[in-house]
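# Secondary and tertiary structure notes
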Amino acid sequence: LSDLHVQLNYSVGSPSVCHYPLCCTPGLPLHPHSPPARYWGEYACDLPPWTLEATLSNIAQTHPDIEYVLLTGDLPAHDVWLQSEDSNLHVIQVVAAALRKHFPNVPVLPAIGNHESFPVNMFPDPTLSDEESSSWLYSSMAKYFSHWLPEEQKKTMAKAGYFSYKVKPSLTIISLNSNFCNNLNLWLLPSPADPASHLAWLVEELLIAEKSRSMVHIISHIPPGTSSCLGAWSHQYSRIIERFSSIITAQFFGHSHWDEFSVLFNSSTRQPISMAYITPSLTPHDGLNPAYRVYYTDSSRDNSTHLVLDHATYSLDLEMVNTLPSNTTLSYTLEYTARDSLGMQDLSPESWGGFVQRLVREEEAWDMFYRRYSRGGPHAHKKCKKTCKEDILCRLVTFDREDTMECGRIKKEMKMIEMEQTEQWTVWDIL
């Protein structure tokens, strides 16, 4: 689950179109072309709390065999001008209570998003005593998720918003606080290198896992290859992943709201060596249909690799469900599975690198990818021309923000394809 952005003040009948970053809020001035907000949600608004409840109920009933839930951040809504520390904590408490209601016996492991803080994006270095403190947030996260977190994990969550948790004898899940790379975090300006020595802590945890022969999954919010992550932090993080790529078998992020991924290439051989899965959002904000994803891993046998074997993405057609009565039981539908729908032999980094090449060359594959990118919401109807396509494809192959080599190759290949097509049209014109 990622980017829930639960809008507690969602008001049915309020303007669903407005001149604010978030609509469906009580007291907004009427917009001349705004239909009233419908019950289950709107595309210029965040997730109503009852839609969250119905979603979690549907997930719990549809997938009774879930081993654990990964929650990769951004629980409060986008109405940042109305927020406070107390209001953000209230949203987090509501979400944690809903998760405990529907998953009482399933571990729920959180990562902190940039919207959890107040003001938004502001995360001081907790090791610097002369700065403001985010202890109000970290200690509350540890408290609200204490049902699932052991004592040691609660301590590090309360300290600086991260933890390492050995969920199985051969699998460690590390929750990183990627807000220490957030390019909008003004507290990083004086000392952006490694706030809270967080990357140093990550290396120590990976060395412990390596020594104990444990595989590692990393969960976090901001993907390292996006423009939201500072280049220097992204580069050092990528070096760490490359060094420990033999034991880091999966990484899970959110933040972008899109259905996408990011491939890390070896800095010397240029071979794909690791993957970042970027989970689609539950919020419909920006014209997206709500979605969640189930990952299937090799984790149930002796000598498990804990590699991701497949994943299935489920989405909710908001237009369709809003035609149904409010007492309807929500049912998300399977949108696609990675192996069958994408025609992939496996979900190795090499296979994902090959899939990107198909997106560059095959129009049909690209069109389907772009539709799933927003889960068929209104955004899918927006034209994505050359620059748009290049930007998206470059994100898929940019894990280290300071390494743009693969992006450059894609742009060169797309230019060659364009030249080939131009030459073909020229021949037809002559004929």
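Residues numbered from 1 in each chain as written. Predicted model: local features only at pLDDT ≥ 70, side-chain atom pairs only at ≥ 80, totals over all residues. Heavy atoms only, no water.

### Quick notes on the sheet that holds strand S10 (residues 308-315)
On the basis of which strands lie adjacent, the open sheet formed by three strands has the order S9-S10-S11 and antiparallel pairing. The outermost strands of the open sheet, each flanked by one partner alone, are strand S9 (291-297) and strand S11 (333-337). Direction aside, the axes of adjacent strands within the sheet are offset by 25° on average. As paired strands, S9 and S10 are joined by seven bridges and run antiparallel to one another. Bridging across to S10, Val294 finds its partner in Ala312. (Pairing = 2+ DSSP bridges. Helix = DSSP H or I, 4+ residues; strand = E, 2+ residues; numbered from the N terminus. Axes fitted to C-alpha atoms, helices over the stretch in contact; angles between N-to-C directions.)

### Overview of the state of the cysteines
Summed over all chains, the structure comprises five disulfides. Paired through a disulfide, Cys18 and Cys23 show a sulfur-sulfur distance of 2.1 Å. Taking the sign of the torsion about the S-S bond as the criterion, the disulfide between Cys18 and Cys23, at about -95°, is left-handed. Comparing Cys18 with Cys23, the two get one shared label, buried. Across the disulfide, Cys181 is cross-linked to Cys229 (sulfur-sulfur distance 2.3 Å). Judged by the sign of its S-S torsion, about -135°, the bond between Cys181 and Cys229 is left-handed. Of this pair, Cys181 sits in the loop between strand S4 (171-175) and helix H5 (198-211) while Cys229 is found in the loop between strand S5 (215-219) and helix H6 (231-243), placing the two residues 48 residues apart along the sequence. With a relative accessible area of 0%, Cys181 lands in the buried category. Among the cysteines of the chain that take part in disulfides, numbered as they appear in the sequence, the pairing is 1-2, 3-4, 5-6, 7-8, 9-10. (Disulfide = S-S within 2.5 Å. Buried < 20%, exposed > 50% of the residue type's maximum accessible area, 1.4 Å probe, protein only.)

### Side note on the sheet that holds strand S6 (residues 248-253)
The strand order across the open sheet formed by six strands is S3-S4-S5-S6-S8-S7, and the pairing between neighbours is mixed. Every other strand in the sheet has two partners, leaving strand S3 (163-168) and strand S7 (260-265) as the edge strands with one partner each. The sheet shows a mean angle of 20° between the axes of neighbouring strands, taken without regard to direction. Across the sheet, H5 lies against S3, S4, S5 and S6, angled at about 175° from S4, the strand it touches most. (Contact = heavy atoms within 4.5 Å.)

### Describing the layout of surface pockets
A water-sized probe, rolled over the atoms, reveals where empty space remains. Looking at the largest pocket, its volume works out to about 600 Å³. Around the largest pocket, the lining is made up of 23 residues, and of these Ile66, Glu67, Tyr68, Val294 and Tyr295 lie nearest the centre. For the lining of the largest pocket, the secondary-structure elements that each account for two or more residues are strand S1 (69-71) and S9. Considering each element in turn, the lining of the largest pocket owes the most residues, six residues, to S9. A breakdown of the residues in the lining of the largest pocket according to their chemical character gives 12 nonpolar, seven polar and four charged. Each pocket or cavity is described by its volume, and for the second largest pocket that value is around 330 Å³. Around the second largest pocket, the lining is made up of 13 residues, and of these Glu363, Lys386, Lys389, Met414 and Gln421 lie nearest the centre. (1 Å grid on protein atoms, 1.4 Å probe; cavity = no way out; pocket = protein on both sides within 12 Å on 5 of 7 lines; lining within 4 Å. Points joined across faces, edges and corners; volume = space filled by probe spheres on them. Nonpolar A, V, L, I, M, F, W, Y, C, P; charged D, E, K, R; others polar.)

### Quick word on the nonpolar core
Counting 116 residues, the largest nonpolar core has Leu1, Leu99, Phe145, Leu202, Tyr237 and Trp352 as the members making the most contacts within it. For this core, the element with the most residues is helix H2 (residues 85-102), which contributes seven residues. Apart from the residues lying within four places of it in its own chain, the contact partners of Leu1 are Leu56, Ile59, Val69, Leu70, Leu71, Thr72, Leu99, Leu282 and Tyr292. Judged by nonpolar contacts, the second largest core, of seven residues, contains Tyr10, Cys24, Leu28 and Cys45. (Core = buried A, V, L, I, M, F, W, Y, C linked by side-chain atoms within 4.5 Å.)

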